[in-house]
Amino acid sequence: MIFRQLFDSVSGTYTYLLASRRGGEALIIDPVIEKVDRYMQLVRELDLKLVKAVDTHLHADHVTGLGALRDRTHCVTVMGEQTKADVVSMRVAEGDKVQIEGVSLDVLYTPGHTDDSYSYVLRDRVFTGDTLLIRGTGRTDFQNGDPRAQYDSIFNKLLKLPEDTLLFPAHDYKGETVSTIGEEKAFNPRLQVKSVDEYVDVMNNLNLPNPKMMDVAVPANLRVGLAQDAIAARGWAITAAEAAMMIGRPDITLIDLRETVERERHGTIPGSLHAPYSDIARQVQPGGMVHDLARAHAGNRIVFYCAFGERSAMAVQAAQDAGLSSTCHLHGGLAAWKQAAGPVEH
Ligand SMILES: [Fe+2]
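Residues numbered from 1 in each chain as written. Predicted model: local features only at pLDDT ≥ 70, side-chain atom pairs only at ≥ 80, totals over all residues. Heavy atoms only, no water.

(A) Examining the pattern of salt bridges more closely. Taken as a whole and judged by the stated rule, the model has 21 salt bridges. Between Glu 101 and Arg 21 there is a salt bridge, and its shortest N-O distance comes to 2.6 Å. Placement of the pair is Glu 101 in the loop between strand E7 (97-100) and strand E8 (103-109) and Arg 21 in the loop between strand E2 (13-19) and strand E3 (25-29), with a sequence separation of 80 residues. Among the charged side chains, a salt-bridge network with shared partners connects Arg 70, Asp 71 and Glu 310. (Salt bridge = Lys/Arg side-chain N within 4 Å of Asp/Glu carboxyl O. Helix = DSSP H or I, 4+ residues; strand = E, 2+ residues; numbered from the N terminus.)

(B) Here's a closer look at the sheet that holds strand E6 (residues 90-92). Strand order across the open sheet formed by six strands is E1-E2-E3-E4-E5-E6, with mixed pairing between neighbours. The open sheet has two edge strands, strand E1 (2-8) and E6, and neither has a second partner. With strand direction ignored, the average angle separating the axes of adjacent strands in the sheet is 25°. (Pairing = 2+ DSSP bridges. Axes fitted to C-alpha atoms, helices over the stretch in contact; angles between N-to-C directions.)

(C) Examining the packing of helix H1 (residues 36-45) against helix H2 (residues 66-73) more closely. It is at 10 Å that the axes of H1 and H2 come closest, and there the two elements cross at 40°. Judged on the interaxial angle alone, H2 and H1 are oblique. As for how H1 packs across H2, the hand of that crossing is right-handed. Seen from H1, the contacting residues are Val 36, Asp 37, Tyr 39 and Met 40; seen from H2, they are Ala 68, Leu 69, Arg 72 and Thr 73. In the contact of H1 with H2, the residues fall into five nonpolar, one polar and two charged. (Parallel < 35°, antiparallel > 145°, perpendicular 65-115°, else oblique. Left-handed = near helix turned anticlockwise from the far one by under 90°. Contact = heavy atoms within 4.5 Å. Nonpolar A, V, L, I, M, F, W, Y, C, P; charged D, E, K, R; others polar.)

This is the structure in structure tokens:
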């Protein structure tokens, strides 16, 4: 297991790099844009392939590295389903798993600091974002924060984990690096309350100034920019309405790039094939399904789709780069398809 805790001293942010082995797939949690060169260097040095980048919540104190990492590695960007950040290509919910080769994170919805705050459990450790900090808790006074929800997230979810679970937060301002659930239960001053009302009272009377970066970071993190805008400009995108007209035509092949859990939860477009995005580099080469389909029936069109159109946009670019000129994608993904009342089967 490869586990690295990286630090951005300007914002006091911890970023985590995970992989099961050298030469394997890697995942990064809460990357900071100014540190992307450093992450990429470490990824190269450890011979890793970055395939997923996760933000625990929409950050107000730094600009996320998700967009830059997506542009450099074509990784999948992950946040919770409540997020309004445009850069996200895979949205998760409580009970889901975020998986890469040899690593599986259990998804816990832990709102309170923000309404899009999630924690991720990896066997003996938990990444708590800003929900639960070392001897502290994340503020709840902006971005739809809610001290009552945070109390519930902490007391009824995080503190229910085994006491020796290692706690890795998104921030620390005093140089603490790791704690345990048991330690925080016993010694975190914010948790020594007798009731939810007492906790709400504490949190509502912190009177903190806004983070220095807030006016810059929040809008920047909401609008990172989409991979699919560039693809649409090249004419490789079709709208949901156009796709609906093509359904059932023998010269059209729809390919779903989402993971199996997403397909099960949100349904699929009838008649579509499945080729997970994580495998797309191989799929567009000779012997891969996408390549062979494109080559077998000249004149046929291959239409990729995913959840929101971001992974499918990157897949079109990969396919076009591999010379498969008959590929395009569904702009806006299954979300746009559902909005246009396209049929979905479960
Ligand atoms: Fe935060």
